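In case you want the letters, here they are:
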2 protein chains.
Amino acid sequence: MSRRLEILRRATEIFNDQGVSRTTFEDIANAVGIKREAIYYYFKGRGDILAEIILPQSTALLANLRHIIRSDMSSPEKLRAAIESHVSSFNPSYLEMTIALREDHFVTKDEKLKELRRVWAEYSDLWTGLVEEGQGNGSFKNSVDPKMAAFGILGMCNWMSRWFHPGKGLSLPDIADTFSILVGEGLIEDKKKPS
Amino acid sequence: MSRRLEILRRATEIFNDQGVSRTTFEDIANAVGIKREAIYYYFKGRGDILAEIILPQSTALLANLRHIIRSDMSSPEKLRAAIESHVSSFNPSYLEMTIALREDHFVTKDEKLKELRRVWAEYSDLWTGLVEEGQGNGSFKNSVDPKMAAFGILGMCNWMSRWFHPGKGLSLPDIADTFSILVGEGLIEDKKKPS
């Protein structure tokens, strides 16, 4: 494994264990077994490392959502596929999603995180578009604000970064299934719904 | 204003501005205009201050949910009332909710935060109970896992700590309304639902 890759791997583990904001360059250097100064040869700062860890996963998630939206599925099918895509990115093999979401990285103004912010903004806009499309073709209720609905669904999934532990409780497909029913069909039995 | 209260007020502002994990005792002392050592007269550490800021709001939220659950409302009405109670706690006059949720404070093992963890665990259990009650009396769908449904709804609301800015976008009652429709009745128009 290259030194650069090793730094990224160790940083991913430490970020996941103790949180990004509590991790120093020193911590990462110690874990790799090199001097703090040596990391600067590869990365300019913590934001650099963080962006490199998170960005590929976020970009993949964005590309996946684009495919779903452009497909010929119905809007309810797209909704389910988009939830499945998002929830399954909490795959136990990847710590990226938890690291990306558990903390608010945009509290600091880091240049390197700008690209990440752009990807997430586009992702969130696509979600709003998915809801609007369904409202436009009569599949989704017009009584909800599309952006708030998108933010709500994303929040539901993103909050997993705070409680989901791979191997404990339900599996990712089961969670995606519950979330899809919850926001798609709703919790209330049809006969009990206010008309 | 007492010195103690002033420390709490300033700490609340700084926690909100720059995040708890990035705030030192030094920062709080500077904002109050006293020496770092002087704060120790009132508080043992940052966790102490944090717990004192967050706990009253969290305890009030818990008490409110208990009232809702014990009331004679129907399960769908309880669901809506519980969402309204949670969402309205992001009231612009209070920064507590954002501070409480934006970061994961349990990354560190702070004794003082134990009580907070207990309150949140009970709150989350009550939410699961609300869903189970509705499933038991035939108001809610049995096809969803009650705990995952509760976690999903709470996540939807809690994620507001990452995007909600008072005065921008929809009001809290409008957000509560959208979220209630979303998870109660579901996004999909009834005639389009899979049967």
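Structure report, in brief.

The subject of this paragraph is the relation of the copies chain B and chain A. Aligned on chain A, chain B shows an RMSD of 0.0 Å; the corresponding rotation is 180 degrees and the shift along the axis is 0.0 Å. What the superposition gives is, in effect, a two-fold axis relating one chain to the other. Both copies share a contact surface, since 100% of the interface residues of chain B are interface residues in chain A too.

Before going further, it helps to spend a moment on helix α10 (residues 172-184) of chain B. Across its 13 residues, α10(B) extends 18 Å between first and last C-alpha, which sits within 8% of the 18 Å expected from 1.5 Å per residue. The buried fraction of α10(B) is high, at 10 of 13 residues. Restricting attention to buried positions, one finds in α10(B) the residues B:Leu172, B:Ile175, B:Ala176, B:Thr178, B:Phe179, B:Ser180, B:Ile181, B:Leu182, B:Val183 and B:Gly184. Where α10(B) is buried, its residues touch α8 (146-158) and α10 (172-184) of chain A together with α5 (75-88), α8 (146-158) and α9 (160-163) of chain B.

A separate point is the interface of chain B and chain A. Taken together, the contact pairs 54 residues of chain B with 54 residues of chain A. A buried area of about 4900 Å², summed over both sides, lies between chain B and chain A, and 65% of it is on carbon and sulfur atoms. Looking at the side of chain B facing chain A, the largest losses of area belong to B:Lys141, B:Trp159 and B:Leu187, adding up to 15% of the total buried there. Summed over the shared surface of chain B and chain A, the result is zero salt bridges. Our count for the chain B to chain A interface comes out at 23 residue pairs in polar contact (both at pLDDT 80 or more). Where the side of chain B that touches chain A is concerned, the elements lending two or more residues are α1 (3-18), α5, α6 (96-102), α8, α9 and α10 of chain B.

A separate point is the packing of helix α5 (residues 75-88) of chain A against α8(A). Residues and elements named next belong to chain A. The geometry of α5 relative to α8 is characterised by a closest axis approach of 10 Å and an angle of 35 degrees between their N-to-C directions. Here α5 runs over α8; the crossing is right-handed. Where α5 approaches α8, its residues Leu79, Ile83, His86 and Val87 are matched on the opposing element by Ile153, Leu154, Cys157 and Asn158. Of the residues that constitute the contact of α5 with α8, the class distribution is six nonpolar, two polar and no charged.

Scoring rules and cut-offs
Residues numbered from 1 in each chain as written. Chains lettered and ligands numbered in written order. Predicted model: local features only at pLDDT ≥ 70, side-chain atom pairs only at ≥ 80, totals over all residues. Heavy atoms only, no water. Least-squares fit on C-alpha atoms with pLDDT ≥ 70 in both. Contact = heavy atoms within 4.5 Å. Helix = DSSP H or I, 4+ residues; strand = E, 2+ residues; numbered from the N terminus. Expected span 1.5 Å × (residues − 1). Buried < 20%, exposed > 50% of the residue type's maximum accessible area, 1.4 Å probe, protein only. Buried area = accessible area lost by both parts, 1.4 Å probe. Salt bridge = Lys/Arg side-chain N within 4 Å of Asp/Glu carboxyl O. Polar contact = N/O pair within 3.5 Å; in protein donor to acceptor, adjacent residues only side chain to side chain. Axes fitted to C-alpha atoms, helices over the stretch in contact; angles between N-to-C directions. Left-handed = near helix turned anticlockwise from the far one by under 90°. Nonpolar A, V, L, I, M, F, W, Y, C, P; charged D, E, K, R; others polar.

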